[in-house]
Structures are given as C-alpha cells and as structure tokens.
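# Summary of structural features
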Amino acid sequence: MEPPESPQPQLTHTVEDGVATVVISNPAKRNAMTAGMWRALPELLDGLAGDPVVRTLVLTGEGKTFCAGADISSLREPGEDPQALAVRAEEALAAFPKPTLAVVRGYCVGGGCQLAAACDLRFAADDAQFGVTPAKLGIVYPAASTRRLASLVGPAAAKYLLFSGELIDADRALRTGLVDEVLPEGELGRRAAGFTRVLASRSQLTQCAAKEFIAGRTDRDAYWAEQARGSGDTAEGVAAFLERRAPLFGWTPGPTGG
C-alpha cells in the first residue's frame, strides 16, 4: 500500500461572522512559504479587502506551526526574485485596510516572522519561537522589512534578531513588543476568537483611519474628517451608548481603506 501523498502547499481561507481566516498550509515543511504561496497572497488579500462582509483578518498556520519561513528550495528556482515576492506579499498584508491579527503557534521564523510583523497585532502560544534568520544564509534583509521590524521592537532588539539569527521564545517576544499577548496553547484559539469578535463589532471608520495615521500617512487628514462627518458612525455610537445597546456601525471601507 502506497503512502498517501502530502497535501500541496497552499493558502486556504474561510470567512465567518465577519472574520476572514487565512491559513498557511505546507505541513511537510513546517508551513514554509513556496514561491506560489507568496504570489497567491496579495491577490487573496485584495479579494478579502473588497468583501464588505469581512471586518477583520486572522493569519495563522496549519497545525502547531505558524510558518518556518520561505521554502529554501524555492530560492534556487529560476524566475522572479523570491525576496521580491516575499516583500510584495508582506506589503500587501501591511496595507490590508482592516485590522489584522497573526495567531502564532510553534515556529515563526524568517519569512513567517516577516508576515507576522506585517500584521497589526500578534497573539502567540507560550511555546512559540520567533527568529529573523537572513544572517544564516548571507541574505540582505529587505529594507522595508528591516524598518518595520525596528519600528515594532526597537533598534536594539531588531539588531539582536538580525545580527544573530537566533530564535527567541514567546516571553522574550512579548517583552520586546514583537507579540501583544502570550497564552497557553489551550487558551489561544478561544482568546483570538473572542478578540476578533470584538474587532468586528467596532467602527471600521475608527479602525481604518487609525491604521493610516499610525502608519504615518499624512495626506488624508481632510478625507477622514469628511468621512467622519458623513458616515453616521458617531451618531450611532452615541445613540447606542445612551440606549445601552450594541452599536450597528454602517461605514465600510473600499479595498484601499477609504
């Protein structure tokens, strides 16, 4: 009897109760990202960004590993520069107009850490391990990825990670700001589900404007002021507060966040 074939590397997704969940699936290689997976992510994100049902997005890995990085064998394949593919996917994730949460179990290394850092928030299991490993391969880490990492964890921690390529545990990742919450494995899924329900219930107007402001964009202040005046979200939020009921916010973003 022949052994069953390994599942093909792929990105899968579901949408439920306003939450899109994207799963990195390549279990034979600890969910390493192939060139095809890097290429597929921006298009997948673009479709989810334009779906008015989607209010927040979760990125996670199949099973007990988030993502062990890029599939090293793909670095030797002819065709488009694999680093350019990874950066394009990372930038598409960072630009996703709605809140994003990485839910991390096990290894979150290399390209996997790159993707997690591009999310707005990161929750991790207490057994998670994080690493940024280009120094082990003689690779210059992309400029945008380096700046994003330094902005997230600070210059000293970014240098530690990049210079050494060493893995750090979830507790140290929490102390450096690389993750926002660390939970026992048995509680992580429940906490992430509860938190994404909270995100999905909040004003997308508030979230999308804040996301742009925090990213440093300065050319749309007037646009967001106009959106606030015409959205009805503020009136609904105040009315719901006074009436002691859950608000029903109506403003929704387009694919670019506005």
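Given the structure is predicted, the values throughout are model-derived calculations rather than measurements.

About the criteria used
- Residues numbered from 1 in each chain as written.
- Predicted model: local features only at pLDDT ≥ 70, side-chain atom pairs only at ≥ 80, totals over all residues.
- Heavy atoms only, no water.
- Core = buried A, V, L, I, M, F, W, Y, C linked by side-chain atoms within 4.5 Å.
- Buried < 20%, exposed > 50% of the residue type's maximum accessible area, 1.4 Å probe, protein only.
- Helix = DSSP H or I, 4+ residues; strand = E, 2+ residues; numbered from the N terminus.
- Contact = heavy atoms within 4.5 Å.
- Polar contact = N/O pair within 3.5 Å; in protein donor to acceptor, adjacent residues only side chain to side chain.
- Pairing = 2+ DSSP bridges.
- Axes fitted to C-alpha atoms, helices over the stretch in contact; angles between N-to-C directions.

## Brief notes about the nonpolar core
Grouped together as the largest cluster of nonpolar side chains are 47 residues, with contacts concentrated most on Ile-24, Leu-57, Leu-59, Phe-66 and Phe-130. The element that contributes the greatest number of residues to this core is helix α1 (residues 35-49), accounting for eight residues. Those residues in contact with Leu-57 that lie beyond four places of it in its chain are Ala-20, Val-22, Leu-45, Leu-48, Leu-93, Phe-96, Pro-99, Thr-100 and Leu-101. The next biggest cluster of nonpolar side chains, apart from the first, holds eleven residues, and it includes Val-103, Ala-125, Phe-195 and Leu-199.

## Some remarks on unusual backbone geometry
Within the chain, Arg-30 stands out as a residue other than glycine whose phi angle is a positive 55°. Tracing the backbone through its elements, the reader meets Arg-30 in the loop between β2 (19-25) and α1. The phi dihedral of Asn-31 falls on the positive side, at around 60°, and the residue is not glycine. Along the chain, the position of Asn-31 falls in the loop between β2 and α1. The class for Asn-31 is buried, based on a relative accessible area of 0%.

## A word on the environment of Asn-31
Residues Asn-31 and Gln-10, 21 residues apart in the sequence, show an inter-C-alpha distance of 9.0 Å. Here Asn-31 is in contact with Ile-24, Ser-25, Asn-26, Gly-61, Glu-62, Thr-65, Phe-66, Cys-67, Ala-68 and Gly-69, once residues within four sequence places are set aside. Among the polar contacts made by the side chain of Asn-31, one reaches the main-chain carbonyl oxygen of Glu-62 at a distance of 2.9 Å.

## With respect to the sheet that holds strand β7 (residues 129-131)
Read across the open sheet, the three strands follow the order β5-β7-β8; overall the sheet is mixed. Unpaired on one side and paired on the other, β5 (107-109) and β8 (168-169) mark the two borders of the sheet. Bridging between β7 and β8 involves two bridges; their strand directions are antiparallel. In the sheet register, Phe-130 faces β8, and the bridge partner there is Ile-168. Taken strand by strand, helix α3 (residues 111-118) contacts β5 and β7, and its axis lies near 90° from that of β5.

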